[in-house]
Amino acid sequence: MKKLLIGNEAVAWGLYNGGLGLVSSYPGTPSTEITEFLAKHDDIHSEWAPNEKVATEVAFGASLAGMRSACAMKHVGLNVAADPLFTLSYTGVTGGMVVCVADDPAMHSSQNEQDSRHYAIAAKVPMLEPADSAEAYEFAKSAFALSEEYDTPVLLRMCTRIAHSQCVVDIGERENVPMKEYTRQPSKYIMMPGYAKQRHPVVEARTEKLKALAENCMYNKVEMAENREFGIITSGCSYLYVKEVFGDSVSVLKIGMPNPLPEKMIRDFAAQVKKLYVIEELDPILENHIRALGIEVIGKGLFSPIGEFSQKTIRDAFVAEGIAVPDIPEAQGTAPAVPGRPPMMCSGCPHRGMYYTLVKNHITVLGDIGCYTLGAVAPLNALDSTLCMGASVSGIHGFNAARGEETEKKTVAVIGDSTFMHSGMTGLVNIAYNATNSTVIILDNSITGMTGHQQNPTTGYNIKGDPAAKVDLEALCKALGINRVRVVDPYDLKACEEAVLEELAVAEPSVIISRRPCVLLKYVKPKAPLTVDRDKCRGCKKCMKMGCPSISFKDGKAQIDKTLCVGCGVCSQLCAFGAIGGNAE
Amino acid sequence: MKTTSVMIVGVGGQGSLLASRLLGTVLTDEGYDVKVSEVHGMSQRGGSVVTYVRFGEKVYSPIVTEGECDYIISFEKLEAARYAGCLRKGGKIIVNTQQIDPMPVITGAAEYPENILETLKADGFDIDDFDALTPALEAGSAKAVNIVLMGHFAKFSSIAKDKWLAAMQKVINPKFMEMNTIAFNKGFGE
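Residues numbered from 1 in each chain as written. Chains lettered and ligands numbered in written order. Predicted model: local features only at pLDDT ≥ 70, side-chain atom pairs only at ≥ 80, totals over all residues.

Points about the overall build of chain A
Okay, step 1: Of regular secondary structure, chain A possesses 20 helices and 21 strands.
Okay, step 2: Taken against the 2.2 N^0.38 rule, which gives 25 Å for 585 residues, the C-alpha radius of gyration of chain A at 27 Å falls within 12% of a compact globule.
Okay, step 3: Dimensions of chain A, computed from C-alpha atoms along their principal axes, come out at roughly 80 × 65 × 50 Å.
Okay, step 4: When each of the 585 residues of chain A is scored for burial, the buried share is 55%.
Okay, step 5: In chain A, once contacts between residues fewer than 6 apart in sequence are set aside, the share between residues at least 24 apart is 75%. (Helix = DSSP H or I, 4+ residues; strand = E, 2+ residues; numbered from the N terminus. Rg over C-alpha atoms; globule rule 2.2 N^0.38 Å. Buried ≥ 20, exposed ≤ 12 C-beta atoms within 10 Å, placed from the backbone. Contact = placed C-beta atoms within 7 Å.)

A few points about the environment of E113(A)
All names here are of chain A.
Okay, step 1: Relative to the helices and strands, E113 resides in the loop between β5 (97–103) and α5 (117–123).
Okay, step 2: A sequence separation of 43 residues divides E113 from A70, and the C-alpha atoms of the two residues are 23 Å apart.
Okay, step 3: Once residues lying within four places of it in the same chain are set aside, the contact partners of E113 are D104, P105, A106, M107 and L282.

Thoughts on the interface of chain A and chain B
Okay, step 1: Listed by partner, the interface residues are 48 residues for chain A and 51 residues for chain B.
Okay, step 2: At the level of elements, β1 (2–6), β8 (165–170), α10 (236–246), α13 (311–320) and β19 (551–554) of chain A are the ones that each hand at least two residues to the side of chain A that touches chain B.
Okay, step 3: Looking at the side of chain A that touches chain B residue by residue, the class counts come to 27 nonpolar, 15 polar and six charged. (Nonpolar A, V, L, I, M, F, W, Y, C, P; charged D, E, K, R; others polar.)

Here's the deal with the domain arrangement of chain A
Okay, step 1: Entries for chain A in the domain assignment read domain 1 (2–176 + 189–211), domain 2 (221–320), domain 3 (351–515) and domain 4 (531–581).
Okay, step 2: On a C-alpha basis, the centres of domain 2 of chain A and domain 4 of chain A stand 56 Å from each other. (Domains from an automatic or database assignment.)

Here's the deal with helix α1 (residues 16–29) of chain B
Residue and element names in this part refer to chain B.
Okay, step 1: Taking 1.5 Å as the rise per residue, α1 with 14 residues should run 20 Å; its terminal C-alpha atoms sit 20 Å apart, in good agreement.
Okay, step 2: Of all 14 residues in α1, 13 are buried, a share of seventy percent or more.
Okay, step 3: Downstream of α1 by one or two residues, G31 has phi in the positive range, about 95 degrees. (Expected span 1.5 Å × (residues − 1).)

Digging into the packing of α1(B) against helix α7 (residues 161–171) of chain B
All names here are of chain B.
Okay, step 1: Relative to each other, α1 and α7 sit at 125 degrees, their axes nearing to 9 Å. As the angle between them shows, α1 and α7 are arranged oblique. Helix-helix and strand crossings are classified by hand; for α1 and α7 the assignment is right-handed. Within the contact between the two elements, α1 uses L18, R21, L22, T25, V26 and D29 and α7 uses K163, W164, A167, M168, K170 and V171. (Axes fitted to C-alpha atoms, helices over the stretch in contact; angles between N-to-C directions. Parallel < 35°, antiparallel > 145°, perpendicular 65-115°, else oblique. Left-handed = near helix turned anticlockwise from the far one by under 90°.)

Let's talk about the pairing of strand β4 (residues 69–74) of chain A
Residue and element names in this part refer to chain A.
Okay, step 1: Where burial is concerned, most of β4 is hidden: six out of the six residues are buried.
Okay, step 2: Across the two faces of β4 the burial is the same, with S69, C71 and M73 and A70, A72 and K74 all buried.
Okay, step 3: Relative to β4, strand β2 (residues 22–25) runs parallel, the two sharing two bridges. Across the sheet, the residue bridging to L22 is S69, located in β4.
Okay, step 4: Pairing analysis gives six bridges linking β4 to β5, with the strands arranged parallel. Bridge assignment links A70 to a residue of β5, and that residue is V98.
Okay, step 5: Chirality of the crossover, the property in question, places the unit of β4, helix α4 (residues 75–91) and β5 among those that are right-handed. (Pairing = 2+ DSSP bridges. Right-handed = clockwise from strand over helix to strand, strands pointing away.)

Focus on the sheet that holds strand β14 (residues 411–416) of chain A
Residues and elements named next belong to chain A.
Okay, step 1: Sheet architecture is open: five strands sit in the order β13-β14-β15-β17-β16, paired in parallel fashion. Single-partner strands in this sheet number two, and they are β13 (364–366) and β16 (484–488). Mean inter-strand twist for the sheet, computed between neighbouring axes without regard to direction, equals 25 degrees.
Okay, step 2: Pairing analysis gives six bridges linking strand β15 (residues 439–444) to strand β17 (residues 510–515), with the strands arranged parallel. Across the sheet, residue I442 finds its bridge partner in β17, namely I513.
Okay, step 3: Contacts between helix α15 (residues 391–403) and the sheet are confined to β13, β14 and β15, with β14 contributing the most and set at about 170 degrees to the helix.
Okay, step 4: Taken strand by strand, helix α17 (residues 417–434) contacts β14 and β15, and its axis lies near 135 degrees from that of β14.

Quick notes on the environment of A317(A)
Residue and element names in this part refer to chain A.
Okay, step 1: When you line up the elements, A317 lands in helix α13.
Okay, step 2: Classification of A317 as buried rests on a count of 20 C-beta atoms within 10 Å.
Okay, step 3: As for A317 and E503, which are separated by 186 residues in sequence, their C-alpha atoms are 57 Å apart.
Okay, step 4: Contact partners of A317, with chain neighbours within four places excluded, come to L302 and F303.

Thoughts on the confidence of the model for chain B
Caution applies to low-pLDDT parts of the model: their predicted coordinates are not meant to be read in detail.
Okay, step 1: Chain-level statistics for chain B give a pLDDT mean of 94 and a share of 98% at 70 or above.
Okay, step 2: This prediction of the complex comes with two scores: 0.97 for pTM and 0.95 for ipTM. (pLDDT = per-residue confidence, 0-100.)

Looking at unusual backbone geometry
All names here are of chain A.
Okay, step 1: The residue after N259, namely P260, is reached through a cis peptide bond having omega -10 degrees.
Okay, step 2: Even without being glycine, A106 reaches a positive phi, approximately 80 degrees.
Okay, step 3: Checked against the element boundaries, A106 lands in the loop between β5 and α5.
Okay, step 4: At A435, a residue that is not glycine, the phi angle is positive and equals roughly 50 degrees.
Okay, step 5: As for its placement among the helices and strands, A435 is situated in the loop between α17 and β15.

Comments concerning the pairing of β17(A)
Residue and element names in this part refer to chain A.
Okay, step 1: Burial runs high along β17: five of the six residues are buried.
Okay, step 2: Here five bridges tie β16 to β17, and the two strands are oriented parallel to one another. Note on β17: the bridge partner recorded for V487 is I513.
Okay, step 3: Between the parallel elements β16 and β17, the chain passes through helix α19 (residues 493–505) in a crossover that is right-handed.

Describing the nonpolar core
Okay, step 1: Within the largest apolar cluster, 161 residues are counted, with the highest numbers of intra-cluster contacts made by V98(A), C100(A), L156(A), M7(B) and I72(B).
Okay, step 2: When residues of this core are assigned to domains, at least three map to each of domain 1 (2–176 + 189–211) and domain 2 (221–320) of chain A.
Okay, step 3: When residues no more than four places from it in sequence are discounted, the contact partners of V98(A) are L15(A), A70(A), A140(A), A143(A), F144(A), S147(A), V154(A) and L156(A). (Core = buried A, V, L, I, M, F, W, Y, C linked by C-beta atoms within 7 Å.)

A few points about the packing of α7(B) against helix α8 (residues 177–188) of chain B
Residue and element names in this part refer to chain B.
Okay, step 1: For the pair α7 and α8, interaxial distance at closest approach is 11 Å and the crossing angle is 150 degrees. Classified by the angle between their axes, α7 and α8 sit roughly antiparallel to one another. When you trace α7 past α8, the crossing you get is right-handed. The segment α7 lies against α8, with K161, W164, L165, M168 and Q169 engaging M177, N180, T181, F184 and F188.
Okay, step 2: Across the contact of α7 with α8, the residue classes tally to six nonpolar, three polar and one charged.

Things to note about the sheet that holds β2(A)
Residues and elements named next belong to chain A.
Okay, step 1: With parallel pairing, the six strands of this open sheet are ordered in space as β3-β2-β4-β5-β7-β6. Each edge of the open sheet carries a strand with a single partner, namely β3 (45–48) and β6 (127–128).
Okay, step 2: Direction of pairing for β6 relative to strand β7 (residues 154–159): parallel, over a ladder of two bridges. Paired with L128 across the strands is L156, a residue of β7.
Okay, step 3: Docked against the sheet, helix α3 (residues 52–64) engages β2, β4 and β5, running at close to 165 degrees with respect to β4.
Okay, step 4: Along the sheet face, α4 touches β4 and β5 and points at about 135 degrees away from the line of β4.

Rendered as structure tokens:
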């Protein structure tokens, strides 16, 4: 069956047809769809785990039990999963295990642009890196056999452009892989010093075997052209950009297995060309390795470690090198300067009412990762920090411990429901245990929003949409040691303000659950749009301070876009002149 | 054959993802090698979004850069201007005349440029501008703007109309097929 697939769907098909029995993941752009597509199959176990560490350990457990398993995460998710990964390298696997990780060069939807290849090297596990959906399918499918033959977890590295680009993939049939026997193997699976000392040499020997494999495998390939003036070593989507510019007119060594690298292949290729370029996005992983072999190469001196590449990057670099580049495009003209259009919270977003309240009261806000990170942009400018998943809750404790009462009464942490499940809980335990008077607001929109509406342990549904155990956030926070827990509706500005001011004033830690489902959820029915009474509107622009995309200013008065407004009514609470009406709750 | 490049640009939430999937599907059905690059995640939340569709005999790169684009299909005026530099000499911009103010305009930090399409035309750009919102609303929803635009673009393609409708069956939820067929026909000019 030939089908146009995004890279993530191709990975899902590859894993499925490769005999996958279990997948456990935490959503994260650009990796999320791998697990969403796998969840469509009813003959395998699929799930959203609370975080990537749990997901990886679940996949480990299934592998231990003899089943082929996988997990998927974004690059920063691998930081969370790094702990199990490094020791999984020692234990190896029973059923094949694949850890899919998607990097985000140019940070389309991320807080940094770290390069996951460092993890493959540091954890001493093989990594595969496809360049398009067709390779993503083949590499993912083959990864299980690789994992089992070499007794190692396999990292499959994607990046945004590959994860979210479509090309035609020939999808074959599912391989029927029986579960392996479970036998107790203490010296392989109990990683205490005595046994781990025996396993480390196994890891080093495995790397030598994988190096031999790298010289002769489907992942790395040489394409020699007549032109030997220069050659290019490249990988992933950079390979596509090179081919886009030069077609078959240059010699290329394409690396599909960035760890371990094929040293002989690299030496042989380098020996056949007069000058060697290495083109790789982000860090100089290939470049440093090639240099360590004593081979002269041009890499990051010409190609930036920052952001994404394109065919233009390649063209511009080679033109600068004085090398002839075919078919340089000619533009019709230059684009005029136009105002930017940054992303923003949606019309009727429940986070907006709470943010407005915090901004109005000049509260310092330690933020977290999710849709609500968009509270940082104008006009709300509500956030003071965003670091990583859970850092708002842990961070506010340190902030208040450092500054004491001076900040305790005017600082809050904000964190989403899914992020709180991911890694906010432990920070909250710490607030209670080590006693700062910190106020944490859980922005509970009853879904994992930014990644496109995935269920989580607070929603009451699992990945299949079936009813599931639902975490009681109020009871949980109390059980973690917080006595003051209250719930407010963020559409009710008065209630929000009361809750925030009261909880900041009290001399003990507290949690405010700001609860209202995401307006984009299918079961949330929009209300009739509101309208502005132009006779009553004085043009004071107070309603515009909360940054609702439905409200604009025309001829001295506010106006509401009826195609965008969902009738949440927050703006009407702001208007001192009663000018905004229409539907009333 | 030379690779043809199309950019579908607009504001997050306008449905450019579905438009690019429709185009990718119809081109695949026609036997072309096709690459489509989509946008997911944070930029989708009301931000400027761009998806690329490239087709030909053998397509390598999934993205389109400066001076390479044969057709820009824009869901909004300002976005047509933003990406105009990607248009190759002799390329064409199809644009819905809808205006959606970006946040810097809403907050007063910037002004929405007046007569932006006229400025582009004066600069030599081939602009095919029309109101896609009214026919979308007539078809039943503002969300059908994407299919109205694709119907309009279909006229410039060498692909028969029934092939487009067959591709729509594959990518559109059957519940919305009737509305989108009306929207497509309105864009196509029937």
